[in-house]
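# A closer look at the structure
One letter stands for each residue in the lines below.
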Amino acid sequence: AQTVTQSQPEMSVQEAETVTLSCTYDTSESDYYLFWYKQPPSRQMILVIRQEAYKQQNATENRFSVNFQKAAKSFSLKISDSQLGDAAMYFCAYRSAFGEYGNKLVFGAGTILRVKS
Amino acid sequence: EAGVVQSPRYKIIEKKQPVAFWCNPISGHNTLYWYRQNLGQGPELLIRYENEEAVDDSQLPKDRFSAERLKGVDSTLKIQPAELGDSAVYLCASSLRTGEQETQYFGPGTRLLVL
């Protein structure tokens, strides 16, 4: 079974600075999808960014970018120019591209991001 | 466009009581998910529906949990009887299958406290 590990329970960043959240995963599959979700205190989970494993190019969405290292099974999220509204719990998630697990999201335990003004 | 709607947002019950959660997915989304999120952890899938068919319920504790999606639109998740360990946030998500570009959209969740 696939597992997702987020080794940083909590991170802090100064407003306007850059922060990187770590994520590693374990899988024997070659094709899959990786996601970063943001969950603010209101608890509505919002998709931040997604990465297809077959794409070598790292995904980017405005201030959010990923560093996808397939061989190392690493998928980190970089937030540039951090804003107060970025404060939230961030979850890394994995989804298989195949078979009966094709739709199931496997989440890590999350990283709380605090933004200091 | 309205997002995924869940109710109630909060529920406090005593153990051994029944409880039900309701979810209305985004219009047109044929896939619906129920996740359970324990405190300090990521969500875990309980059940997935494709239209009205439950296609993955392997993680649903069937002795006390049940779910339905009768008309392939909104869904109800029930616990009977509730136990202390059921205290968690229950999240509903929906998606529109568009090949491999599927994105799951989450509702705000129902926070359950069992006393």
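Everything numeric here is computed off the predicted structure, so don't read it as measured data.

## Focus: the interface of chain A and chain B
In many analyses, interface size is given as the accessible surface area lost on bringing the parts together. Facing the 21 residues of chain A at the interface are 25 residues of chain B. Of the roughly 1,900 Å² buried between chain A and chain B, counting both surfaces, carbon and sulfur atoms make up 41%. On inspection of chain A and its partner chain B, the count reaches one salt bridge. With a closest N to O distance of 3.5 Å, Arg95(A) and Glu102(B) form a salt bridge. Counting across the chain A and chain B interface gives six residue pairs in polar contact (both at pLDDT 80 or more). Residue assignment for the side of chain A that touches chain B shows that the elements contributing at least two residues are β5 (32-39), β6 (46-52), β10 (88-96) and β11 (105-107) of chain A.

## What about the environment of Pro108(B)?
Following the sequence through the fold, Pro108(B) ends up in the loop between β10 (105-106) and β11 (110-114). Residue classification places Pro108(B) among the buried residues on the basis of a relative accessible area of 11%.

## Observations concerning the nonpolar core
Judged by nonpolar contacts, the single largest core of 26 residues is most densely connected at Tyr25(A), Trp36(A), Phe75(A), Leu77(A), Tyr90(A) and Leu113(A). Mapped by element, the contributors of at least two residues to this core are β3 (19-21), β5, β6, β8 (64-69), β9 (74-79), β10 and β12 (111-116) of chain A. Of all the elements, β10(A) adds the most residues to this core, at four residues. Setting aside residues no more than four positions away along its own chain, Leu77(A) makes contact with Val19(A), Thr20(A), Leu21(A), Trp36(A), Ile49(A), Phe64(A), Ser65(A), Val66(A) and Tyr90(A). Listed in part, the 21 residues of the second largest apolar core include Ile13(B), Leu77(B), Cys92(B) and Val114(B).

## Overview of the pairing of β10(A)
All names here are of chain A. Of all the nine residues making up β10, nine are buried; the element is thus mostly covered by neighbouring parts of the structure. Sheet analysis places β5 next to β10, joined by eight bridges and oriented antiparallel. What sits directly across from tryptophan 36, in β10, is cysteine 92. With three bridges connecting them, β10 and β12 associate as antiparallel partners. Along β12, the bridge assignment pairs tyrosine 90 with threonine 111. Where β10 and β11 come together, three bridges link them in antiparallel fashion. By the bridge assignment, tyrosine 94 is partnered in β11 with valine 106.

## Brief notes about the sheet that holds strand β7 (residues 65-68) of chain B
Residue and element names in this part refer to chain B. Spatially, four strands are ordered β1-β3-β8-β7 in an open sheet, and the strand pairing comes out antiparallel. For this open sheet the edge positions go to β1 (5-7) and β7, each flanked by a neighbour on one side alone. Each strand axis lies, on average, 15° off the axis of its neighbour in the sheet, ignoring direction. In this sheet, strand β3 (residues 19-24) lies alongside β1 in antiparallel orientation, the contact comprising three bridges. Directly across from serine 7, in β3, lies its bridge partner tryptophan 22.

## Structural notes on the state of the cysteines
Evaluated as defined, the whole model comprises two disulfides over all chains. In this model, Cys23(A) is linked to Cys92(A) through a disulfide, with the two sulfur atoms separated by 2.0 Å. What sets the handedness of the Cys23(A) and Cys92(A) disulfide is the S-S torsion sign, and at about -70° it is left-handed. Pair noted here: Cys23(A) is in the loop between β3 and β4 (24-26) and Cys92(A) is in strand β10, with a separation of 69 residues, a long-range link. The pair formed by Cys23(A) and Cys92(A) is uniform in burial state, with each residue classed as buried. A sulfur-sulfur distance of 1.9 Å marks the disulfide that ties Cys23(B) to Cys92(B). Between Cys23(B) and Cys92(B) the sulfur-sulfur dihedral comes to about -70°; the bridge is accordingly left-handed. In this pair, Cys23(B) is assigned in strand β3 and Cys92(B) in strand β9 (residues 88-95), connecting sequence segments 69 residues apart. For the pair Cys23(B) and Cys92(B), one class covers both residues: buried.

## So, a nonpolar patch on the surface
A grouping of Ile12(B), Leu113(B) and Leu115(B) is seen on the molecular surface, where their side chains present a nonpolar patch of about 300 Å² in accessible area. Checked against the element boundaries, Leu115(B) lands in the segment after β11.

Thresholds, definitions, all that
Residues numbered from 1 in each chain as written. Chains lettered and ligands numbered in written order. Predicted model: local features only at pLDDT ≥ 70, side-chain atom pairs only at ≥ 80, totals over all residues. Heavy atoms only, no water. Contact = heavy atoms within 4.5 Å. Buried area = accessible area lost by both parts, 1.4 Å probe. Salt bridge = Lys/Arg side-chain N within 4 Å of Asp/Glu carboxyl O. Polar contact = N/O pair within 3.5 Å; in protein donor to acceptor, adjacent residues only side chain to side chain. Helix = DSSP H or I, 4+ residues; strand = E, 2+ residues; numbered from the N terminus. Buried < 20%, exposed > 50% of the residue type's maximum accessible area, 1.4 Å probe, protein only. Core = buried A, V, L, I, M, F, W, Y, C linked by side-chain atoms within 4.5 Å. Pairing = 2+ DSSP bridges. Axes fitted to C-alpha atoms, helices over the stretch in contact; angles between N-to-C directions. Disulfide = S-S within 2.5 Å. Patch = residues over 30% accessible without salt bridge, like charges linked within 9 Å, V, L, I, M, F, W, Y side chains within 5 Å. Areas by Shrake-Rupley, 256 points an atom, 1.4 Å probe, with all protein chains shown as cover.

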